[in-house]
Amino acid sequence: MDAVTLINSALAVGAEGYMSGFGNGFETEALPGALPIGRNSPQRCAYGLYAEQLSGSPFTAPRAANERSWLYRIRPTVGNWGDFREIDCGLWRTAPEPGVKLPIGPLRWDPIAIPNEAISFIEGVRTITTAGDQGSHSGMAAHVYLVTRSMQDEYFYNADGEMLFVAQHGALRLATEFGRIDIEPGEIAVIPRGVKFRLELKGGPARGYLCENYGGAFALPERGPIGANCLANQRDFLTPTACFEEVDRPATLTVKWGGSLWRAEIGHSPLDVVAWHGNYAPYKYDLRRYSPVGPVLFDHADPSIFTVLTSPSETPGTANIDFVIFPDRWLVAENTFRPPWYHMNVMSEFMGLIYGQYDAKPQGFAPGGISLHNCMLPHGPDFEAFERASAAELKPHKLEGTMAFMFETRGVQRVTAYAAGLSELQKDYLRYGQRLATHFDRDKR
């Protein structure tokens, strides 16, 4: 832990901990009696606090979809405000972004190297693709983050979208106004739209993936015929307990709004929520707790059985975004080609590898790397994967020490100029299918 993290952590008041459950109505207080009883907005709040509601959905959304939390804080957000000026977005891009026209086909990048210079989270976001339109609350952006220093007296919130962090290298602390979240590779964290936070390193530099969701908030997918159990279970999602900072010193607040970054000087930490209750809050999840299901006799199930979270659209059965993982699991299907089949898909797939090896691409896809298979463009196993799987003795086999994921969206993903110009872009990946040999023999069945 670096010195900045030690200093900032010492400022926080409240027990470190988490509450279990997805989408629950939580309540938590860092000081006894800070939460009002039986009401949300009393005439005078305990400890001289201000009551403030943070709404993640329209007021009139159906009860099951209504998201809001009441925060009891030292100053309301408007009291932690200043004269905002627009600042350079760096390499952070927002849809609609025209992108760069590359030859159509599959794309893949080697891991992007972590730079040597000191860069914080806000400076370290690099957008790879965008889809949809942030202004109409549809679509997403897929980024990588490269961070070499903790934020110190620097705070941020995103008004454009919900943020899904996928840690790949290095551990993070997300000090939010709701409490503190720590994640390491193999874990994710979701920060809802409008929630203020400071990102700190828990050790050395960090690299990971970031999905900026402009559409409906991430939810657990319906299990359908699977029933009540398996996949991602509600009890494994963790929301932080209240933890506040009482800090009066110069600081900055950066807001992403309308595709631009805006910054103001403020005189206090905005992480001053002493107590809160509601169902609109940040959370974390350990991907290694995902309970996969799959075919136990023959054939290959659709990858939708590996969906952890889904952002719904207005079209039933069509996701704005699906967050899908490929974790450790047993392969047992008989007389079956076990890797993912060759396919073309109306959804667009941004894929990353957290650790290990991906079974359909044993060569050239390293942890920290990226692949992109866009709408109705062909993809599937490479030559080595096909030849090995076609000749393998089909006995039960366990894939171990692997964790890949996809941000899958209904929108076409536009590649940014930054991503198109990277030296890590694999120039020959476009042609990987050309190595697949012809095995056709009309006299052999």
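Scroll up for the structure.
Attention here is on the structure that accompanies the text. Note that the structure is predicted; figures quoted are calculated from it, not measured. (Residues numbered from 1 in each chain as written. Predicted model: local features only at pLDDT ≥ 70, side-chain atom pairs only at ≥ 80, totals over all residues. Heavy atoms only, no water.)

What follows deals with the sheet that holds strand β3 (residues 26–29). The strand order across the open sheet built from 4 strands is β3-β21-β5-β4, with neighbouring strands paired in antiparallel fashion. Where the open sheet ends on each side, the last strands, each with one partner, are β3 and β4 (50–55). Averaged over neighbouring strand pairs, the angle between their axes works out to 20° when direction is ignored. Where β4 meets strand β5 (residues 68–73), 6 bridges bridge the pair, whose relative direction is antiparallel. (Pairing = 2+ DSSP bridges. Helix = DSSP H or I, 4+ residues; strand = E, 2+ residues; numbered from the N terminus. Axes fitted to C-alpha atoms, helices over the stretch in contact; angles between N-to-C directions.)

Turning to the packing of aromatic side chains, a few remarks are in order. Following the criterion strictly, the structure yields 26 aromatic pairs and no others. Pairing Phe 323 with Phe 405 gives two aromatic rings, centres 6.0 Å apart and planes at 50°, and the pair type is tilted. You can see Phe 323 sitting in strand β24 (residues 319–326) and its partner Phe 405 sitting in strand β29 (residues 403–409), a full 82 residues away along the chain. Look at Phe 323 and you get buried, because its relative accessible area is 0%. Arranged with centres 6.2 Å apart and planes meeting at 50°, the rings of Tyr 342 and Phe 386 form a pair that is tilted. Taken together, the residues span a long stretch of sequence, with Tyr 342 in the loop between β25 (329–331) and β26 (348–355) and Phe 386 in helix α3 (residues 383–391) at a distance of 44 residues. Given the relative accessible area of 23%, Phe 386 is considered partly exposed. In this structure, Lys 196 is placed above the aromatic ring of Tyr 157, and the distance from its NZ or CZ to the ring centre is 5.6 Å. (Phe/Tyr/Trp six-rings, centres within 6.5 Å; stacked < 30°, edge-to-face > 60°. Buried < 20%, exposed > 50% of the residue type's maximum accessible area, 1.4 Å probe, protein only. Lys NZ or Arg CZ within 6 Å of the ring centre and 35° of its normal.)

In this structure, the largest pocket occupies an estimated 1000 Å³ of space. Of all the elements in the fold, those that place two or more residues in the lining of the largest pocket are β4 and β17 (237–240). Here the second largest pocket defines a volume of roughly 750 Å³. Ser 304, Thr 310, Gly 317, Ala 319 and Asp 322 are, among the 32 residues lining the second largest pocket, the residues nearest its centre. (1 Å grid on protein atoms, 1.4 Å probe; cavity = no way out; pocket = protein on both sides within 12 Å on 5 of 7 lines; lining within 4 Å. Points joined across faces, edges and corners; volume = space filled by probe spheres on them.)

Once that is clear, we can look at the side chain of Glu 245. Within the secondary structure layout, Glu 245 lies in strand β18 (residues 244–245). Among the polar contacts listed, one links the side chain of Glu 245 to the side chain of Arg 198, at a separation of 2.8 Å. (Polar contact = N/O pair within 3.5 Å; in protein donor to acceptor, adjacent residues only side chain to side chain.)

Glancing now at the pattern of salt bridges. For the structure shown, the criterion picks out 23 salt bridges. Where Glu 52 meets Arg 73, a salt bridge forms, and the shortest distance between an N and an O atom there is 2.9 Å. Highlighted residues: Glu 52 in strand β4 and Arg 73 in strand β5, separated in sequence by 21 residues. Arg 73 carries the same exposure label as Glu 52, and that label is buried. Residue Arg 73 is joined to Glu 177 by a salt bridge in which the shortest nitrogen-to-oxygen separation is 2.8 Å. Placement of the pair is Arg 73 in strand β5 and Glu 177 in the loop between β12 (172–176) and β13 (179–183), with a sequence separation of 104 residues. By the burial criterion, Arg 73 is buried, and Glu 177 matches it. Shared partners join several salt bridges into a network, and the residues in it are Glu 52, Arg 73, Glu 177, Lys 196 and Asp 272. (Salt bridge = Lys/Arg side-chain N within 4 Å of Asp/Glu carboxyl O.)

Moving on, we come to the environment of Asp 272. Inspection of the secondary structure puts Asp 272 in the loop between β20 (260–268) and β21 (273–278). In sequence terms Asp 272 and Pro 76 are 196 residues apart; their C-alpha atoms lie 8.9 Å from each other. Apart from the residues within four sequence positions on either side, Asp 272 is in contact with Tyr 72, Arg 73, Ile 74, Arg 75, Asn 80, Phe 244 and Glu 245. Here Arg 73 takes part through its side chain, which lies 3.1 Å from a polar atom of the side chain of Asp 272. (Contact = heavy atoms within 4.5 Å.)

It is worth spelling out the sheet that holds strand β27 (residues 370–373) at this point. The antiparallel open sheet is built from 6 strands, whose spatial order is β7-β27-β26-β29-β24-β23. Every interior strand has two partners, whereas the edge strands, β7 (107–109) and β23 (307–312), have only one. The average undirected angle you get between the axes of adjacent strands in this sheet is 15°.

Take unusual backbone geometry next. Across the junction of Ala 95 and Pro 96, the peptide omega takes the value 5°, indicating a cis bond. Along the chain, the position of Pro 96 falls in the loop between β6 (85–87) and β7. One non-glycine residue, His 137, lies in positive phi territory at about 55°. Following the sequence through the fold, His 137 ends up in the loop between β8 (125–133) and β9 (138–147). Of note in the backbone geometry, Asn 335 takes a positive phi value of approximately 45° without being a glycine. Looking at the secondary structure, you find Asn 335 in the loop between β25 and β26. The exposed category is assigned to Asn 335, whose relative accessible area is 74%.

Time to look at the environment of Arg 235. Residue placement: Arg 235 occurs in the loop between β16 (206–213) and β17. For Arg 235, a relative accessible area of 65% puts it in the exposed group. In the structure, Arg 235 is positioned 211 residues away from Asn 24 in sequence and 10.0 Å away in space, judged by C-alpha atoms.

Time to look at the environment of Leu 436. With respect to the helices and strands, Leu 436 occurs in the segment after α4 (417–420). Between the alpha carbons of Leu 436 and Asp 382 there is a distance of 7.4 Å; along the sequence they are 54 residues apart. Not counting chain neighbours up to four residues away, the residues in contact with Leu 436 comprise Tyr 342, Pro 381, Asp 382, Phe 383 and Phe 386.

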